[in-house]
Amino acid sequence: MPSTSEQMRWDQRYRAGEILFGEEPSLFLREQAFRFTPGMKALAVADGQGRNGVWLASQGLDVLSVDISETGLQHARELAARRSVALQTEVCDLTTWTPPLTGFDVVVEISIHFPGEVRRQVHRNLSDAVKPRGLYLIEAFHENQCGRASGGPRDRDMLSTRDKLLEDFREFSFLELMEGTVLLNEGPRHQGEAWMVRMVAQK
Ligand SMILES: C[S@@+](CC[C@H](N)C(=O)[O-])C[C@H]1O[C@@H](n2cnc3c(N)ncnc32)[C@H](O)[C@@H]1O
């Protein structure tokens, strides 16, 4: 994959060695534990330093963790080794990536944001990677987060809403779809009260 400015930006952030969003999974993902069974094939997209992918692996899932940053994924592999779990990793740009044809029982997308048209295309592409009756989970910063310092992008077009996800996943059934504020405590970059959208959808 040719390196892009986005890749260089994230590699540089992660290279400083700091664990930007902590090593524990998002609380939202942890609350969904009852939906997962050992052996499920999971895709952790834009998994960064691996906190969510490694936690899924610790639940017995067979996890592929992908991200544009090789440096982030190096940290993810180190975290997996410290927790004694298996984690497959792949560097990819989600805006052009073709997921494996074998499909996934669960796709987990935590805190990754793209401009409107790109987001729709990425969601179409990744939806195709979900097996029939498989799950797609998202936690993303909401448009109302614009201007808050507790995390997420500043550009409104990159922020999410319930309506945007209803549209992107209109062929799925929504098991949960909520927007509102939560108190984040995830490493130095996600701290304090934040507006979020949380989705669990089934194909
Ligand atoms: C805010 S971080 C979230 C990381 C992780 N999901 C977490 O919750 O800890 C956003 C991640 O998206 C990745 N990313 C940004 N653009 C990407 C792209 N086009 N394809 C794949 N990953 C990308 C970055 O490298 C970064 O790890």
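Residues numbered from 1 in each chain as written. Predicted model: local features only at pLDDT ≥ 70, side-chain atom pairs only at ≥ 80, totals over all residues. Heavy atoms only, no water.

Caption draft 1: Representation of the pairing of strand β3 (residues 88-91). Across four bridges, strand β2 (residues 62-67) lies against β3 in parallel orientation. Counted as the bridge partner of D67 is V91 from β3. Once you follow β2 into helix α4 (residues 70-82) and on to β3, the crossover reads as right-handed. (Pairing = 2+ DSSP bridges. Helix = DSSP H or I, 4+ residues; strand = E, 2+ residues; numbered from the N terminus. Right-handed = clockwise from strand over helix to strand, strands pointing away.)

Caption draft 2: View of unusual backbone geometry. The phi dihedral of A46 falls on the positive side, at around 50 degrees, and the residue is not glycine. Tracing the sequence through the fold places A46 in the loop between β1 (41-45) and α3 (51-58). Its relative accessible area of 19% is what places A46 among the buried residues. For S111, which is not a glycine, the phi torsion comes out positive at approximately 60 degrees. Along the chain, S111 turns up in the loop between β4 (104-110) and α5 (116-127). Residue S111 is classed as partly exposed on the basis of its relative accessible area, which comes to 25%. (Buried < 20%, exposed > 50% of the residue type's maximum accessible area, 1.4 Å probe, protein only.)

Caption draft 3: Geometry of the layout of surface pockets. Here the largest pocket defines a volume of roughly 820 Å³. Lining the largest pocket are 39 residues, with W10, R13, F21, S111 and I112 positioned closest to its centre. Broken down by secondary-structure element, the contributors of at least two residues to the lining of the largest pocket are α1 (5-15), β1, α3, β2 and β4. Top contributing element to the lining of the largest pocket by residue count: α1, with five residues. For the lining of the largest pocket, a count of residues per class yields 19 nonpolar, twelve polar and eight charged. Taken together, R120, H123, R124, S127, D128, E167, D168, F169, R170, E171, F172 and K203 form the lining of the second largest pocket. Every element with two or more residues in the lining of the second largest pocket is listed here: α5 and α6 (162-168). Looking at the lining of the second largest pocket residue by residue, the classes come out as two nonpolar, two polar and eight charged. (1 Å grid on protein atoms, 1.4 Å probe; cavity = no way out; pocket = protein on both sides within 12 Å on 5 of 7 lines; lining within 4 Å. Points joined across faces, edges and corners; volume = space filled by probe spheres on them. Nonpolar A, V, L, I, M, F, W, Y, C, P; charged D, E, K, R; others polar.)

Caption draft 4: Layout of α4. For α4, which comprises 13 residues, the first-to-last C-alpha distance of 18 Å matches the rise-based estimate of 18 Å (1.5 Å per residue) to within 8%. Along its buried surface, α4 packs onto α1, α3, β2 and β3. Of the residues that open α4, the one with a side-chain oxygen 3.3 Å from the backbone nitrogen of T71 is S69. Of the residues one or two after α4, S84 is the one with positive phi, at around 55 degrees. (Expected span 1.5 Å × (residues − 1). Contact = heavy atoms within 4.5 Å. Polar contact = N/O pair within 3.5 Å; in protein donor to acceptor, adjacent residues only side chain to side chain.)

Caption draft 5: Representation of the environment of Q49. Looking at where Q49 falls in the secondary structure, it is placed in the loop between β1 and α3. Placed 124 residues apart in sequence, Q49 and S173 show a C-alpha to C-alpha distance of 30 Å. Excluding residues that lie within four positions of it along the chain, Q49 makes contacts with Y14, E18, I19, L20, F21, G72, H75, A76 and L79. A polar contact is formed between the side chain of Q49 and the backbone nitrogen of L20, at a distance of 2.9 Å. A polar side-chain atom of Q49 sits 2.9 Å from a polar atom in the side chain of H75.

Caption draft 6: Broad picture of the packing of aromatic side chains. Here the structure, examined in full by the defined rule, presents six aromatic pairs. Consider the rings of F36 and W55, whose centres lie 6.3 Å apart with planes at 70 degrees: the pair is edge-to-face. Note that F36 is positioned in the loop between α2 (27-31) and β1 and W55 in helix α3, a separation of 19 residues in sequence. The exposure class assigned to F36 is buried, which follows from its relative accessible area of 8%. (Phe/Tyr/Trp six-rings, centres within 6.5 Å; stacked < 30°, edge-to-face > 60°.)

Caption draft 7: Quick look at empty space enclosed by the protein. This model, assessed by the stated rule, comprises two cavities of 30 Å³ or more. Of the pockets and cavities examined, the largest cavity occupies roughly 60 Å³. Taken together, E109, I112, H113, F114, R119, H123, I138, A140, M158, S160 and L165 make up the lining of the largest cavity. Elements supplying a minimum of two residues to the lining of the largest cavity: α5 and β5 (130-141). Looking at side-chain class alone, the lining of the largest cavity contains six nonpolar, three polar and two charged residues. Looking at the second largest cavity, its volume works out to about 30 Å³. Lining the second largest cavity are V45, L94, E109, I112, F114, R119, V122, H123 and L126. Tallying contributions element by element places α5 first for the lining of the second largest cavity, with four residues. Here the lining of the second largest cavity is composed, by residue class, of six nonpolar, one polar and two charged.

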